[in-house]
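# Fold and contact review
Below are the chains, spelled out letter by letter.
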Amino acid sequence: MPRKPTTVNGQSKGGAVRHFRDLRTAMKLLMGFLLVAVLTVVVGLVGITKIAALEASVQAMYTDSTQAIAYLADSRAEMESATGKGAAS
């Protein structure tokens, strides 16, 4: 049985908490599940956005660092072949 709201000077006391407490259990459960669903969607969207930014960072790191290492190895090999120094020395 729902409680009667207490009033002070004709106005309801308790506000949103009182209103929530007066709801039926099924409605409270529904609101809870909807809140969890909304939070799940928000977390998922933030995750997808961050993954896209991470992919761009990884691509930049590959371009700036890993390819530079390969270019240094190529330069060293060319320098060794030009000076006549081989890997056996």
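That block above? That's the structure.
Read on for an overview of the structure. (Residues numbered from 1 in each chain as written. Predicted model: local features only at pLDDT ≥ 70, side-chain atom pairs only at ≥ 80, totals over all residues. Heavy atoms only, no water.)

## Details of the overall build of the protein chain
- Broken down by element type, the protein chain carries 2 helices and 2 strands.
- Beginning at the N terminus, the succession of helices and strands in the protein chain can be written as β-β-α-α.
- For the protein chain, buried positions account for 1% of its 89 residues.
- As displayed, the protein chain has an accessible area near 8000 Å², and 68% of this comes from carbon and sulfur atoms. (Helix = DSSP H or I, 4+ residues; strand = E, 2+ residues; numbered from the N terminus. Buried < 20%, exposed > 50% of the residue type's maximum accessible area, 1.4 Å probe, protein only. Areas by Shrake-Rupley, 256 points an atom, 1.4 Å probe, with all protein chains shown as cover.)

## Observations regarding a nonpolar patch on the surface
- A grouping of Phe20, Met27, Leu30, Met31 and Leu34 is seen on the molecular surface, where their side chains present a nonpolar patch of about 450 Å² in accessible area.
- When residues of the nonpolar patch are assigned to their parent elements, the largest contribution, 4 residues, is made by helix 2 (residues 25-83).
- The residue Leu34 is located in helix 2 in this model. (Patch = residues over 30% accessible without salt bridge, like charges linked within 9 Å, V, L, I, M, F, W, Y side chains within 5 Å. Salt bridge = Lys/Arg side-chain N within 4 Å of Asp/Glu carboxyl O.)

## Structural notes on helix 2
- In this model helix 2 runs 85 Å from its N-terminal to its C-terminal C-alpha over 59 residues, within 8% of the 87 Å that 1.5 Å per residue would give.
- Bending of helix 2 peaks at approximately 30° at the position of Tyr62.
- Of the residues one or two after helix 2, Gly84 is the one with positive phi, at around 85°. (Expected span 1.5 Å × (residues − 1). Bend = angle between axes of the 7 residues up to and from the residue.)

## Structural notes on the pattern of salt bridges
- The tally for this structure, following the rule as stated, stands at 1 salt bridge.
- For the salt bridge of Arg76 with Glu80, the shortest nitrogen-to-oxygen distance reads 3.2 Å. Residue Arg76 and its partner Glu80 are both found in helix 2; the two are separated by 4 residues, about one turn of the helix.
- On the accessibility criterion, Arg76 (57% relative accessible area) is exposed.

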